[in-house]
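So the chains spell out like this:
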Amino acid sequence: MKGHLPRKRFGQNFLVCRGTIAKIVDAIAPRRIDRVVEIGPGLGALTEPLLERLDHLHVVEIDRDLIARLHERFTPEQVTIYEGDALKFDFGTIGTDLRVVGNLPYNISTPLLFHLAGFAASVCDMHFMLQKEVVDRMVADPGTADFGRLSVMLQYRFAMERLFIVPPGAFNPAPKVDSAIVRLMPKPAAALDARDEALLAKLVLAAFGQRRKMLRNNLRDLVDEAGLEAVGIKPTARAEELAVADYVRLANALTK
Ligand code: SAM
C-alpha cells in the first residue's frame, strides 16, 4: 500500500490483482481519444493501465492524501484531477460522450448511482465495480426478490449488463463480500417515455416503501384503486411484480 493506510470511511478497498485489473481495462476497451472519467482513482490501480491506452484521463477523488500522491505521480497533461466529493460533482462540466469508470466506494454506491443517472445524457457508457449484491439488484428481473427501486430507476434509463464477478482476494484490504463489474449504456432519449421523471421517481419510491404491502396501500397518497385498475395494474399486486413499463404507464396517467 506504499505507506497509505486505507480509510474505511472512504470505502477504500484497493485493487491488487493484476489479472482482474487487466480484465476490467479490457472490458472498458478505451480508445486513445475517449473522454474517460475515473471516480476514486485511489492509488492508481486502474488509472495507470487506463493511461497506457488513453491520451488523457479525468479523475474525481475525495481523499486529500491520495490527491497529493496523484499530483506527484501524473502530469496535468496526463490527468485532470478534480478534488472533492463525486456525489456533489457536476459531471456535465467535463463534457459530453463521457465514459465513466471506477472501482466505486461501496458505502455510497446507491446514492452515487442515482447521482450519475442524472448525467445520463452526457454519458456514452459506464463501467463500475460494485458489491455483487448491488449489481444483482441493478439488473434484476421483475418478480424476483432483488427487483426494487434501484432496478426500476436504473433500468428506465440504462441498458445494463453484469460482466463478471471479482472475489474479495483481488483487493487490499479484502472486502467481506463478492464484487462484480457492471456496464451501463444510456438508452436513447426517445426511449425515455416518462412525461414527468420526478413523479416516476416519487411513485417508485412510494411503491417500494414497504415491500410486503400491496400497491393499493403503498400508493394510497398518490392514486386510488380505480386509478390503478384504469392502467391495468392490480391494486393487490406488490411493487416487485410490476415491470418498469408499468411504472412509466402509471406515472404518465397521473401526469396532468
Ligand atoms: N480505484 C482504486 C482501486 O481500484 O484500487 C481505489 C478504489 S476504492 C474502492 C474507492 C476510491 O474512491 C478511493 O480512492 C476513495 O478515496 C474514493 N472515494 C471515496 N468516496 C469518494 C467520494 N465521495 N468522491 C470521490 N472519491 C471517493
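Scoring rules and cut-offs
- Residues numbered from 1 in each chain as written.
- Predicted model: local features only at pLDDT ≥ 70, side-chain atom pairs only at ≥ 80, totals over all residues.
- Heavy atoms only, no water.
- Near = heavy atom within 4 Å.
- Polar contact = N/O pair within 3.5 Å; in protein donor to acceptor, adjacent residues only side chain to side chain.
- Areas by Shrake-Rupley, 256 points an atom, 1.4 Å probe, with all protein chains shown as cover.
- Axes fitted to C-alpha atoms, helices over the stretch in contact; angles between N-to-C directions.
- Helix = DSSP H or I, 4+ residues; strand = E, 2+ residues; numbered from the N terminus.
- Parallel < 35°, antiparallel > 145°, perpendicular 65-115°, else oblique.
- Left-handed = near helix turned anticlockwise from the far one by under 90°.
- Contact = heavy atoms within 4.5 Å.
- Domains from an automatic or database assignment.
- Salt bridge = Lys/Arg side-chain N within 4 Å of Asp/Glu carboxyl O.
- Buried < 20%, exposed > 50% of the residue type's maximum accessible area, 1.4 Å probe, protein only.
- 1 Å grid on protein atoms, 1.4 Å probe; cavity = no way out; pocket = protein on both sides within 12 Å on 5 of 7 lines; lining within 4 Å.
- Points joined across faces, edges and corners; volume = space filled by probe spheres on them.
- Nonpolar A, V, L, I, M, F, W, Y, C, P; charged D, E, K, R; others polar.
- Pairing = 2+ DSSP bridges.

**Section: the site of the ligand**
- In the neighbourhood of the ligand, 23 residues make up the surrounding shell, with Leu15, Gly40, Glu61, Asp85 and Ala86 lying closest.
- One of the backbone nitrogen or oxygen atoms of leucine 15 is found 2.8 Å away from an oxygen atom of the ligand.
- Backbone polar atom of proline 41 to a nitrogen atom of the ligand: 3.3 Å apart, as the coordinates give it.
- Look at the ligand: alone it shows 600 Å² of surface, and the protein chains cover 98% of it.

**Details of the packing of helix α4 (residues 109–117) against helix α6 (residues 149–157)**
- The interhelical angle for the contact between α4 and α6, taken along N-to-C directions, is 25°, at an axis separation of 11 Å. Of the possible angle classes, the one that applies to α4 and α6 is roughly parallel. Both α4 and α6 take part in a crossing whose hand is left-handed. Of the residues in α6, those touching α4 at Thr110, Leu113, Phe114 and Ala117 are Arg149, Leu150, Met153, Leu154 and Arg157.

**A closer look at the domain arrangement of the protein**
- Domains assigned within the protein are domain 1 (8–191) and domain 2 (197–254).
- When each unit is reduced to the centre of its C-alpha atoms, the spacing between domain 1 and domain 2 is 31 Å.
- Contact residues are listed per partner, giving 12 residues for domain 1 and 14 residues for domain 2.
- If you look at where domain 1 meets domain 2, you find one salt bridge.
- A salt bridge links arginine 157 to glutamate 197, with the shortest nitrogen-to-oxygen separation between them at 2.3 Å.
- If you look at where domain 1 meets domain 2, you find five residue pairs in polar contact (both at pLDDT 80 or more).

**Some words on the pattern of salt bridges**
- Applying the stated criterion across every chain yields a total of 16 salt bridges.
- Ionic pairing is found between arginine 31 and aspartate 34, a salt bridge with its closest N-O pair at 3.2 Å.
- The partner of aspartate 125 in a salt bridge is arginine 99, with the nearest N and O atoms 2.9 Å apart. Here arginine 99 lies in strand β5 (residues 98–103) and aspartate 125 lies in strand β6 (residues 123–131), a separation of 26 residues in the sequence.
- Look at aspartate 125 and you get buried, because its relative accessible area is 7%.
- Arginine 99 gets classed as buried once you look at its relative accessible area, which sits at 5%.
- Via salt bridges that share partners, Arg31, Asp34, Arg99 and Asp125 belong to a single interconnected network.

**Quick word on the layout of surface pockets**
- Within this model, the largest pocket holds a volume of roughly 790 Å³.
- Elements represented by at least two residues in the lining of the largest pocket include exactly β1 (14–15), α1 (18–28), β2 (35–39), α2 (47–52), β3 (57–61) and α3 (64–73).
- By residue class, the composition of the lining of the largest pocket is 22 nonpolar, nine polar and eight charged.
- The wall of the second largest pocket is formed by Pro6, Lys8, Gly11, Gln12, Asn13, Tyr106, Pro173, Ala174, Pro175, Lys176 and Val177.

**Some words on the sheet that holds β5**
- In spatial order, the strands read β4-β3-β2-β5-β6-β9-β7; together these seven strands make up an open sheet with mixed pairing. Looking at strand neighbours, the two that pair on one side only are β4 (79–83) and β7 (158–166), the edges of this open sheet. Strand-to-strand twist of the sheet, defined as the mean angle between neighbouring strand axes without regard to direction, takes the value 20°.
- Here four bridges tie β2 to β5, and the two strands are oriented parallel to one another. Note on β5: the bridge partner recorded for arginine 35 is leucine 98.
- With respect to the sheet, α3 is in contact with β3 and β4, its orientation differing from that of β4 by roughly 160°.
- Strand contacts of α6: β7 and β9 (179–186), with the helix running at about 120° to β7, the strand carrying the most contacts.

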